[in-house]
Amino acid sequence: MSMNDAGQKLTDIAERIVETYKKEGGINRIDGVNLPATAPVVEILDDLMEILFPGYFGKRVPARSNILFFVQSAIDRLFLRLLDEFKRACQYAQSIDAFDGEITRTTCEEKALSLIDCIPHIRSLLKKDITAGFEGDPASKSLEEIISCYPYVYAIATHRIAHEIYKMEIPLIPRIMSEWAHRRTSIDIHPGAIIGKSFFIDHGTGVVIGETAKIGDNVKIYQGVTLGALSFKKNPDGSLEKSGKRHPTVENDVTIYSGATILGGETVIGEKCIIGANTWITSSVPAGTLVTYQDQQIYRVAKRNIAVHKRGENGKTKNSDPVI
Amino acid sequence: MSMNDAGQKLTDIAERIVETYKKEGGINRIDGVNLPATAPVVEILDDLMEILFPGYFGKRVPARSNILFFVQSAIDRLFLRLLDEFKRACQYAQSIDAFDGEITRTTCEEKALSLIDCIPHIRSLLKKDITAGFEGDPASKSLEEIISCYPYVYAIATHRIAHEIYKMEIPLIPRIMSEWAHRRTSIDIHPGAIIGKSFFIDHGTGVVIGETAKIGDNVKIYQGVTLGALSFKKNPDGSLEKSGKRHPTVENDVTIYSGATILGGETVIGEKCIIGANTWITSSVPAGTLVTYQDQQIYRVAKRNIAVHKRGENGKTKNSDPVI
Amino acid sequence: MSMNDAGQKLTDIAERIVETYKKEGGINRIDGVNLPATAPVVEILDDLMEILFPGYFGKRVPARSNILFFVQSAIDRLFLRLLDEFKRACQYAQSIDAFDGEITRTTCEEKALSLIDCIPHIRSLLKKDITAGFEGDPASKSLEEIISCYPYVYAIATHRIAHEIYKMEIPLIPRIMSEWAHRRTSIDIHPGAIIGKSFFIDHGTGVVIGETAKIGDNVKIYQGVTLGALSFKKNPDGSLEKSGKRHPTVENDVTIYSGATILGGETVIGEKCIIGANTWITSSVPAGTLVTYQDQQIYRVAKRNIAVHKRGENGKTKNSDPVI
């Protein structure tokens, strides 16, 4: 084939492709419709990580003598970036009639300041999350190791940021952030999820926490745990109902071991429960219960008699308490 | 230790390492034996994503006034890159006697043009895949959110490209592409798999779809689902037989919930089945069946009586239908 | 809001953030306390990959005529980088009283040379690991494809390096390496784990191998397999005991299929066992046993009678042997 022939074929294909841009709309962004993109949102995350964990994630290691300048310059830059992306997100939302508010520079400024104002509070939450990791994992040697080496730190830090933006009802940006953290850590936490203090995820690959999940304090979970939806309600027209509580509630001091699947908006895991590896739970578990893979059959029968497995009364388990 | 001593020791080690290059052959590429490498193949993927989803994945956001020029320059660059890598792949295959065809510039040009010619068709398939995501996930707010934030979009787009190249019997490149998408999204789809229209993977981490899997239309799957091989046939000499159908068939309108493991080349999941989370299936499931984790014991017994759980006749399930 | 107002608010927030740096210590690195960071450690991994698999991972493809120079320049650069990071790691360990040894330039030089000296041995182990992949996966077409496309290669190469550094009792660096590989491949192997020859992980997403796991030769595992801890011993003061064997032992010639969870420091999977997908094992399995998901109930009952399922005597399985 001569280069002329190839060139002509390519031109024909180019024209057919442009035709599809008209025909298959909805998956193009032409004329630069304003939309937050991954790269600028990731830069915002980078700025935030540099302030939340100074000296760990960023390039600069601050010195005590200029720490205030370090922070001031970081949040000045962050403020301008947030303003830009918030405006894009809100303009996009207005263009699809998904946003009731009025976009003004003032509104976006207030939201950007409001987020930055959360930083001290987010830092104190993260300090507890990291301490929970140190206290909860026999393999961890120091807090520094947790921050440098444990993927859940990046995931929970991103979540606590994305959740604040989610509460402001700014579209797209929270999910771009959580999907970036998902890509980096294989931990998938929807920005809508409510997570209490001292939260620890060990290993983490495959964890999925849904939009309307609610997690208490001192909760520890392992890889492959799903807090998911049980059934999807439909509207009269057959489309999915996209609101309402669809994901479980986990109360304080619960430990959920690897591969456990817990489903349903009305499912409550009571406080101090231990949920064993590879269990499958679609109804509430009373406080203080130990549920294991082997017990699942027995538990199902026992439900009728309201016989529960209290911690310590676990003659049915195979090994020493707790079993995971 | 003086720097002289260290230097001498390093020289000795260097010589021993070179010795191993001769001794442990097979894991070196010396003298630049032509082999497609990850970086150029990823650039090809980047080019394709820019054309498939203009304004989303690439750096450039095209304007309506120059859209044809945008596409022409993109596919011109793509054509040359494809030509390069296809030639390397085919030369490599010839060098290990794995390729029967003759490498000519013409053959590679034809294959490169043929792939680019698929783009309009791939775009229309992807439009359906993304619509399936919007209709199938209560948490999704718009098509833009699906493309920006849902990892399965990158995975299925890469797959539909890699599958075309796989059908052309070009070695290595399809798997480099699918492993790149795997690395980015934790979704592992072999380029040989055949996937129908309107395919949706929610969450996605841990999904594995094998080389000879066949999936119909309107199929929805969740994180951790495996469509894998059941047993590995051996040749008379003890080596593995590397051909034949080893992975399941999934018919139209099936939903497979998280963690389900479905195995075997003769296993067929009939249309409209709902496969529950954490189930384990190694034999065919008749159309319209609901299989759940709890039912697995009952299902195994019931198989003898050909008693199947039809949708709606699910007195054995614990919660409202469908249970996941 | 005027820019003055925004500026003033930002200044106030900056001051509050600096206050938290004092209040929530432990998650800052201020005054550049020496700590190994991810970027320099990843550069060390890049150098090592270039030497272990010449022509695959690095930018340079060596020619036979200058192969010795290629290796010498690579290991000279590697030596200096190792020296730097080893010193930082040991200074950090001394600063938290976690390191008994004395930091001298000599000590770090010796350790750096010692690691580089391992390279020929690590290469020969990796040759066997890659051959195991080719022989163990029907979908693989060549050794080149294994190295280019299979994520476990990067994971096991990183592990064999990190394990040597772990044995030298150098802190942080081994875990930074393993977490980098985890991020890249979704395979999570603690650097303390002991892994024998000809090790193969197919697919890999979600594999977790704990610090005190011990794996023999010719072991093959699939995605989502956990070799984890069963229970966490506590010290008298309530803190976790961070030593002792907590993870399983897997003997030679074992195959562990996807999603299997095997837990406990005293749990031994005997040689030639086949552990089925989605099984859950918390006590030892005798050599030559086939354990499947369906058998789990039967196995639990049979344990009392010391009735074991020998390979070939598997009337209880549903399909042909082996079932995965």
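Residues numbered from 1 in each chain as written. Chains lettered and ligands numbered in written order. Predicted model: local features only at pLDDT ≥ 70, side-chain atom pairs only at ≥ 80, totals over all residues. Heavy atoms only, no water.

J.: Report on the overall build of chain A, specifying residues and quantitative values.
T.: Within chain A one finds 9 helices and 14 strands. With 324 residues in all, chain A has 60% of them scored as buried. In chain A, once contacts between residues fewer than 6 apart in sequence are set aside, the share between residues at least 24 apart is 47%. (Helix = DSSP H or I, 4+ residues; strand = E, 2+ residues; numbered from the N terminus. Buried < 20%, exposed > 50% of the residue type's maximum accessible area, 1.4 Å probe, protein only. Contact = heavy atoms within 4.5 Å.)

J.: Can you break down the relation of the copies chain C and chain B residue by residue, with the values?
T.: Each copy of the sequence occupies a distinct position, and chain C is placed on chain B by a rotation of 120° and an axial shift of 0.0 Å, giving an RMSD of 0.0 Å. Such a combination of rotation and displacement between the chain copies is what one expects of a three-fold axis. Among all residues of chain C, the minimum C-alpha distance to the rotation axis is found for C:G206, at 3.8 Å. A different interface surface on each copy is seen, since only 7% of the contact residues of chain C are contact residues in chain B too. (Least-squares fit on C-alpha atoms with pLDDT ≥ 70 in both.)

J.: Give me the lowdown on the nonpolar core, citing residues and values where you can.
T.: Within the largest apolar cluster, 272 residues are counted, with the highest numbers of intra-cluster contacts made by A:F53, B:F53 and C:F53. Excluding its chain neighbours within four sequence positions, the residues that come into contact with B:F53 are A:I27, B:R123, B:L126, B:I130, B:I147, B:V153 and B:A157. (Core = buried A, V, L, I, M, F, W, Y, C linked by side-chain atoms within 4.5 Å.)

J.: Account for the side chain of C:H159, naming residues and giving values.
T.: Relative to the elements of secondary structure, C:H159 occurs in helix α7 (residues 151–167). Dropping the residues within four chain positions of it, C:H159 is found in contact with C:I189, C:H190, C:P191, C:A193 and C:I195.

J.: For the packing of helix α2 (residues 38–52) of chain A against helix α8 (residues 173–185) of chain A, give the residues involved together with the corresponding values.
T.: Two quantities define a packed helix pair, namely the angle between the axes and the distance from one axis to the other. All names here are of chain A. Relative to each other, α2 and α8 sit at 75°, their axes nearing to 10 Å. Judged by the angle between their axes, α2 and α8 are roughly perpendicular. Contacts between α2 and α8 involve T38, V41, V42, I44 and L45 from the first element and I173, I176, M177 and W180 from the second. Grouping the constituent residues of the contact of α2 with α8 by class yields 8 nonpolar, 1 polar and no charged. (Axes fitted to C-alpha atoms, helices over the stretch in contact; angles between N-to-C directions. Parallel < 35°, antiparallel > 145°, perpendicular 65-115°, else oblique. Nonpolar A, V, L, I, M, F, W, Y, C, P; charged D, E, K, R; others polar.)

J.: Tell me about the sheet that holds strand β1 (residues 188–189) of chain B, and please be specific about residues and values.
T.: Residue and element names in this part refer to chain B. The strand order across the open sheet built from 5 strands is β1-β4-β7-β10-β13, with neighbouring strands paired in parallel fashion. Unpaired on one side and paired on the other, β1 and β13 (280–281) mark the two borders of the sheet. Pairing analysis gives 2 bridges linking β1 to strand β4 (residues 208–209), with the strands arranged parallel. Looking at the pairing, D188 lines up with V208 of β4. (Pairing = 2+ DSSP bridges.)

J.: Go over the interface of chain C and chain B, please, and point to the residues and values.
T.: Think of interface size as the accessible area that goes away when the parts come together; that is how it is often given. The partner chain B presents 62 residues to the 67 residues of chain C that form the contact. Of the roughly 5800 Å² buried between chain C and chain B on both sides combined, carbon and sulfur atoms contribute 59%. Connecting chain C to chain B are 3 salt bridges. Note that B:R16 and C:D117 form a salt bridge whose closest N and O atoms lie 2.6 Å from each other. Here chain C is connected to chain B by 12 residue pairs in polar contact (both at pLDDT 80 or more). Breaking the side of chain C that touches chain B down by element, the ones donating at least two residues are α2 (38–52), α3 (67–95), α4 (105–117), α5 (119–136) and α6 (143–149) of chain C. (Buried area = accessible area lost by both parts, 1.4 Å probe. Salt bridge = Lys/Arg side-chain N within 4 Å of Asp/Glu carboxyl O. Polar contact = N/O pair within 3.5 Å; in protein donor to acceptor, adjacent residues only side chain to side chain.)

J.: Lay out the pattern of salt bridges in plain terms, naming residues and giving numbers.
T.: Charged atoms that come close allow side chains of opposite charge to pair. Using the criterion set out here, one finds 42 salt bridges over all chains in the structure. For C:K22, the salt bridge identified is with C:E19, shortest N-O distance 3.5 Å. In this pair, C:K22 and C:E19 are both assigned in helix α1 (residues 3–23), 3 residues apart and thus about one turn of the helix distant. C:K22 sits in the exposed class, given a relative accessible area of 61%. Of the residues examined, C:E19 reaches a relative accessible area of 46% and is grouped as partly exposed. Through salt bridges with shared partners, a single network forms among A:E43, A:D47, A:E50, A:R77 and A:R81.

J.: If you had to explain the domain arrangement of chain A to someone new, which residues and values would you point to?
T.: Residue and element names in this part refer to chain A. Looking at chain A, the domain boundaries give domain 1 (32–191) and domain 2 (193–232 + 243–296). Distance between the C-alpha centres of domain 1 and domain 2: 25 Å. In this assembly, 21 residues from domain 1 lie in contact with 21 residues from domain 2. Here domain 1 and domain 2 share 0 salt bridges between them. (Domains from an automatic or database assignment.)

J.: Please set out the interface of chain A and chain B residue by residue, giving values where relevant.
T.: Taken together, the contact pairs 62 residues of chain A with 68 residues of chain B. Interface area for chain A against chain B, summed over the two sides, is near 5800 Å², with a carbon-plus-sulfur share of 59%. Our enumeration of links across chain A and chain B arrives at 3 salt bridges. The shortest N-O distance in the salt bridge between A:E211 and B:K141 comes to 3.4 Å. Joining chain A to chain B, the criterion identifies 12 residue pairs in polar contact (both at pLDDT 80 or more).

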